[in-house]
Amino acid sequence: MQIVNWQNLDPIEQRRILSRTQLQDNHELSILVKTIIENVRQNGDSALYEYLAKYDGVKLNSLLVNQEEYATTTTLSMEAQQAILAAIDNISAYHQSTIPQSFNLEHKHRKLGKIYRPIEKVGLYVPGGTAPLVSTLLMLAVPANLAGCQEKILVTPPNRDGTVSPAILFAAKACGIEQVYKLGGASAIAALAFGSESIPKTYKIFGPGNKYVTEAKLQVSQHCNGAAIDMPAGPSEVLVIADKDANPAFVASDLLAQAEHDSAAQVILVTTCLNLAKQVKQQLHQQSQQLSRNHIIQQALVKSTIIYTPDLATAFSISNQYAPEHLILQIANAETYLSMVHNAGSVFIGEWTPEAVGDYASGTNHVLPTYGYAKMYSGLDVSSFMKGISYQQLSAQGLQEIGATVECLASLEGLDAHRNAVSLRLAELKNKKF
């Protein structure tokens with residue numbers, strides 16, 4: 001990781017340092033994903049099997065995980081089973097508080113309110129490949145259950161031997177997921193959006209993925225018969241703000257934890273101490289040599305940066321401009337600085353709160369906005385799996401009170417039928433001398 005002095009950079013260089021390379025338009029990627037989506041729409045299961053063979057190297061007779069395959073969950077250690085169940089408990093406890101509450105309001109002669117209903121059919125995408133993400137399954141399934149979604153369709157890429165990780169299957173069963181399909185990439189997103197002979201169409205798709213998954217989600221969300229999506233989540237990213245009192249080993253470990261996700265991941269350290277920056281670089285080298293995914297980590301670190309800035313105010317300004325998926329505060333009295341955070345997916349406060357706890361078991365959700373979308377998106381919670389329906393009821397007197405206002409506004413817009421719908425009723429009330 002290079003060390004740069006923020007104060008010595010001009011505005012163009014500053015923007016370059018904080019840019020995400022994955023945001024660059026990729027016409028070839030877009031065309032490829034569009035072709036995959038159209039093939040799945042037109043040919044259903046046959047296209048899905050084709051892409052499984054082509055991209056996953058797997059030939060299957062069925063996409064659905066059958067009951068016999070669930071027997072493999074018995075090979076999972078008791079320790080692993082208990083860890084999954086403990087995480088479910090913690091995630092459930094936090095997400096209970098995010099369930100939106102219906103309300104009603106009586107205002108003069110009007111009754112207004114809002115009711116919340118679950119999205120009936122949801123698609124849950126759980127990445128596989130180099131690391132089957134059991135934790136992502138929990139982050140999607142738990143709030144979907146709390147929301148009351150009737151049909152939860154889970155797709156995840158199979159292993160080379162055509163199986164699904166026992167840990168994924170155990171977690172799915174523990175979360176009450178009854179339909180697990182062996183499918184990944186853009187074709188999986190297309191199947192969830194449009195359906196096939198085997199896979200039901202869903203109304204909204206959740207879950208992170210690589211650039212192909214992200215592009216597919218964006219494309220199906222723009223199709224009139226497609227599906228809504230949670231957010232354009234992509235490769236992981238973290239920004240750490242650290243001062244002279246931060247532990248360089250801790251800081252480096254948090255940067256490495258995100259770098260090991262994907263070669264496209266981006267990690268940034270913003271520090272007010274040049275000596276700490278140098279110590280962190282040393283720790284990155286030392287710790288990474290002992291990690292099994294070091295080859296991925298090194299690719300991610302090439303695109304990452306350590307930024308030196310003289311004060312914390314500038315550090316937070318940089319962070320808010322970048323809008324990181326994960327923000328870690330390794331500074332003295334860290335909790336007092338939360339008010340300075342305006343754009344971030346999730347915040348980890350103090351030296352004893354590594355980002356990894358949020359990934360797995362603290363309770364908050366780890367499906368978070370990346371690419372700077374934290375400026376306008378939130379991470380998942382129960383409300384993400386629901387929709388709000390407003391309602392209103394007017395009495396005769398209530399219509400008389402606001403009728404003239406509606407008539408006037410409708411006339412301003414030239415919408416005579418709107419005005420007429422009110423005027424007819426007002427005339428009726430006048431005749432009845434209500």
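Placed above this text is the structure.
These lines cover the structure that appears in this document, whether it is placed above or below. Keep in mind that this is a model prediction, so the values were computed, not measured.

Moving on, we get to the sheet that holds strand β5 (residues 151–156). The strands that make up a sheet are held in pairs by hydrogen bonds between backbone atoms, and each pair lies either parallel or antiparallel. Spatial strand order, β6-β5-β4-β7-β8: five strands in an open sheet with parallel pairing. Pairing within the sheet leaves two strands with one partner each, and these edge strands are β6 (179–182) and β8 (228–229). As paired elements, β5 and β6 share four bridges and run parallel to each other. Counterpart to V155 in the pairing with β6 is Y181. The strands touched by helix α8 (residues 185–194) within the sheet are β4 (121–125), β5 and β7 (204–206), with β4 carrying the most contacts at an inclination of about 175°.

A few words now on a nonpolar patch on the surface. Judged by side-chain polarity, L32, Y55 and Y212 come together as a nonpolar surface patch covering roughly 260 Å² of accessible area. Examined against the element boundaries, L32 turns out to sit in helix α2 (residues 27–43). Note on L32: relative accessible area 32%, which makes it partly exposed.

Scanning the model with the defined rule gives six salt bridges in all. In this structure, R41 and E38 form a salt bridge, with 3.3 Å as the shortest nitrogen-oxygen distance. Of this pair, R41 and E38 both sit in helix α2, three residues apart, which is roughly one turn of that helix. Owing to a relative accessible area of 34%, R41 belongs among the partly exposed residues under this scheme. Looking at E38, the relative accessible area reads 29%, which means it is partly exposed. The partner of D230 in a salt bridge is K217, with the nearest N and O atoms 2.7 Å apart. One end of the pair, D230, is in the loop between β8 and β9 (237–242); the other, K217, is in helix α9 (residues 211–221), and 13 residues separate them in sequence.

A few words on unusual backbone geometry. Located in the positive-phi region is K108, a residue other than glycine, with phi close to 55°. One non-glycine residue, A323, adopts positive backbone phi at about 55°. Looking at the element boundaries, A323 is found in the loop between α13 (312–322) and β12 (326–330). A323 sits in the buried class, given a relative accessible area of 0%.

For the pair helix α15 (residues 396–412) and helix α16 (residues 416–431), interaxial distance at closest approach is 9 Å and the crossing angle is 145°. Pair α15 / α16 crosses with left-handed handedness. Two secondary-structure elements touch here, α15 through A396, L399, Q400, G403, A404, V406, E407, C408, A410 and S411 and α16 through H418, R419, V422, S423, R425, L426 and L429. Its residues placed into classes, the contact of α15 with α16 shows nine nonpolar, five polar and three charged.

Looking now at the packing of aromatic side chains. The tally for this structure, following the rule as stated, stands at six aromatic pairs. With a centroid separation of 5.6 Å and an interplanar angle of 65°, the aromatic rings of F250 and W352 are classed as edge-to-face. In this pair, F250 sits in helix α10 (residues 248–259) while W352 sits in the loop between β13 (346–349) and α14 (355–360), placing the two residues 102 residues apart along the sequence. Residue F250 is classed as partly exposed on the basis of its relative accessible area of 26%. Under the relative-accessibility criterion, W352 is labelled exposed at 67%. Pairing F316 with Y337 gives two aromatic rings, centres 5.7 Å apart and planes at 5°, and the pair type is stacked. Linking F316 in helix α13 with Y337 in the loop between β12 and β13, this pair joins segments that are 21 residues apart in sequence. In textbook terms, an aromatic cluster arises when at least three aromatic residues are bridged by ring pairs, as seen for Y371, Y373 and Y377.

The subject of this paragraph is the pairing of β13. In β13, alternate side chains face the same way, and those of S346 and F348 are buried while those of V347 and I349 on the opposite face are not. Examined bridge by bridge, β12 and β13 share four bridges and lie parallel to one another. By the bridge assignment, L327 is partnered in β13 with V347.

So, about the environment of I306. Inspection of the secondary structure assignment puts I306 in strand β11 (residues 305–308). Assessed through its relative accessible area of 0%, I306 is described here as buried. In sequence terms I306 and F206 are 100 residues apart; their C-alpha atoms lie 32 Å from each other. With residues up to four places along the chain from it excluded, the contact list for I306 reads M1, Q2, I3, V4, L269, T271, A277 and K281.

The next thing to look at is the environment of A47. Residue placement: A47 occurs in helix α3 (residues 45–56). Of the residues examined, A47 reaches a relative accessible area of 0% and is grouped as buried. Sequence-wise, A47 and T336 are 289 residues apart; in three dimensions their C-alpha atoms are separated by 54 Å. Apart from residues lying up to four places away in sequence, A47 is in contact with N39 and V40.

Calculation criteria
- Residues numbered from 1 in each chain as written.
- Predicted model: local features only at pLDDT ≥ 70, side-chain atom pairs only at ≥ 80, totals over all residues.
- Heavy atoms only, no water.
- Pairing = 2+ DSSP bridges.
- Helix = DSSP H or I, 4+ residues; strand = E, 2+ residues; numbered from the N terminus.
- Contact = heavy atoms within 4.5 Å.
- Axes fitted to C-alpha atoms, helices over the stretch in contact; angles between N-to-C directions.
- Patch = residues over 30% accessible without salt bridge, like charges linked within 9 Å, V, L, I, M, F, W, Y side chains within 5 Å.
- Areas by Shrake-Rupley, 256 points an atom, 1.4 Å probe, with all protein chains shown as cover.
- Salt bridge = Lys/Arg side-chain N within 4 Å of Asp/Glu carboxyl O.
- Buried < 20%, exposed > 50% of the residue type's maximum accessible area, 1.4 Å probe, protein only.
- Left-handed = near helix turned anticlockwise from the far one by under 90°.
- Nonpolar A, V, L, I, M, F, W, Y, C, P; charged D, E, K, R; others polar.
- Phe/Tyr/Trp six-rings, centres within 6.5 Å; stacked < 30°, edge-to-face > 60°.

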